[in-house]
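Each chain is listed here by its residues.
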Amino acid sequence: MLAKFATGRVFPRVRCLGINYRSQIRLKSDIGFVLDIDGVLLRGSEPIPQAKEALELLQVNKVPFILLTNGGGLTEKSRIEFISSRIGVPLSPLQIIQSHTPMKTYAVNKTYQRVMVVGGVGDRSRECAYGYGFKDVVMPIDYVRQNPSISPYHNFSKDSLEKDAKDVDVSSAIDAILVFHDSRDMSTDTQVILDFLNSENGVVGTKRNFKSSEPSVPIIFSNNDFVWPNKYNLPRFGQGALRIMIEALYREVNQLKPSENLKSTIMGKPFPVQYNFAHHVLIDWREKLLKNQVNSLEQILPPLDSEPKNSPFSKIYMVGDNPASDIKGANDYGWESLLLRTGVYNDREGTDILPTGGIHDNILAAVKSVLR
Ligand SMILES: [Mg+2]
């Protein structure tokens, strides 16, 4: 029998490692895994060597698992297809939660209709936001194309302004600012975001005549990662750094007291909102596994920040490389946590945030330590 996931790839339901796929259904479904991606399954775009065997071990044992990343800036389908092809294991788009995935709730519940999405390559974040169901999605680049003097030192190429920007109705207000991913032009994004936060009810080019810690339009950051590792020898600033800049400038403009701060919402690991969302999705994925519906594309939409009642799991294991996000979030939420040596963490620097399930050389060692 063949199981085909949404990636279009086919894998045989075989006896693997001497374990029969079907016979394990009842055995392992009371535990679940939540896996980070960068530093756990991939390093940059390169697969971590043990990732394939680890995922196959979970699939063969029918242990429900999902991926939980603070990354984003493209559709869940695009990202899972990339991961699946790099590692060589079929995965479903229902098995991934990016930092901004819970924002879909705002679209489906019609909390916000016209949003400004910030961050990511080109206009991929816009495509993702439309996929969530937002009625109108604008980006800072749209306002630059409409009037370049809004950001006099912007770095958008002529090609990008033609291809990635769209015509906007500047008289229409936006309902919210959603930061999907790291800023690609921090100067433009900072300027345009601040303009809207201090505008008259979300209309570009206007300025309200009062000061407040309450912005004119809500701003939601999809993660709070201050830095992230790349090929450079020192970590680089991420979305958390952008948030600090926005807050500092907002404080200055609004002359806030030391006790006051810009009111905002932050999603992503290590915050409970993300773990609650992941918990619901993992429960749903377990149901699909038990009913052999792994090819289903029917997605549940969990309520924001509500803990599932009657979880079928006796234990959920979070596997990650970042103590400050993966491990802290899991520990705070009451999950078991397993820290890996294949990413951000290293033994030399150590960590004060200790994983409950130990520190492991790689994901395969971590998974085996649990299944054993
Ligand atoms: Mg990571």
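Residue numbers restart at each chain and count upward from 1, following the sequence in its written direction. Given that this is a predicted model, residues contribute local features only at a pLDDT of at least 70 and side-chain atom pairs are listed and counted only at 80 or more, while totals for whole chains, interfaces and linings are drawn from all residues. With hydrogens and water stripped out, all remaining heavy atoms of the structure feed into the side-chain values.

**Focus: the domain arrangement of the protein chain**
Next, step 1: Domain annotation of the protein chain identifies domain 1 (2-99 + 270-371) and domain 2 (102-266).
Next, step 2: Distance from the C-alpha centre of domain 1 to the C-alpha centre of domain 2: 30 Å.
Next, step 3: Listed per partner, the contact involves 19 residues of domain 1 and 18 residues of domain 2.
Next, step 4: What counts as buried area is the accessible surface, traced by a 1.4 Å probe, that two parts surrender upon association, with contributions from both included. Of the roughly 1500 Å² buried between domain 1 and domain 2, counting both surfaces, carbon and sulfur atoms make up 61%.
Next, step 5: For salt bridges, the criterion is a side-chain nitrogen of Lys or Arg within 4 Å of an Asp or Glu carboxyl oxygen. Remark: the boundary between domain 1 and domain 2 carries zero salt bridges. What marks off one domain from the next here is an automatic or database domain assignment. Two residues qualify as a contact provided that any one of their heavy atoms is within 4.5 Å of a heavy atom in the partner residue.

**Details of the coordination of the magnesium ion**
Next, step 1: Coordinating donors are taken as N, O and S atoms within 2.8 Å of the metal, stretched to 3.2 Å for Na, K and Ca; because water is absent from the atoms, sites can appear incomplete. Taken together, Asp36 (OD), Asp38 (O) and Asp321 (OD) make up the full set of protein donors to the magnesium ion, lying 2.0 to 2.2 Å away.
Next, step 2: Accessibility expressed as a relative area gives 6% for aspartate 36, which makes it buried.
Next, step 3: The cut-offs for exposure are 20% and 50% of the maximum accessible area for each residue type, with area from a 1.4 Å probe on protein chains only; residues under the lower value are buried, those over the upper are exposed, and the others partly exposed. Residue classification places aspartate 38 among the partly exposed positions, given a relative accessible area of 39%.

**Focus: the pairing of strand E16 (residues 336-340)**
Next, step 1: Elements are defined by DSSP. Helices are runs of H or I of four residues or more, strands are runs of E of two residues or more, and each kind is numbered from the N terminus. By the criterion of burial, E16 is predominantly enclosed, with four of the five residues buried.
Next, step 2: With four bridges connecting them, strand E15 (residues 315-320) and E16 associate as parallel partners. In the sheet register, valine 319 faces E16, and the bridge partner there is leucine 338.
Next, step 3: For crossovers, right-handed means that the path from the first strand over the helix to the second runs clockwise, given strands pointing away from the viewer. Considered for its hand, the β-α-β crossover made up of E15, helix H11 (residues 323-333) and E16 is right-handed.
Next, step 4: Where E16 meets strand E17 (residues 359-360), two bridges bridge the pair, whose relative direction is parallel. Paired with leucine 340 across the strands is histidine 360, a residue of E17. Pairing between strands is defined by DSSP: at least two bridges between the two strands are required.

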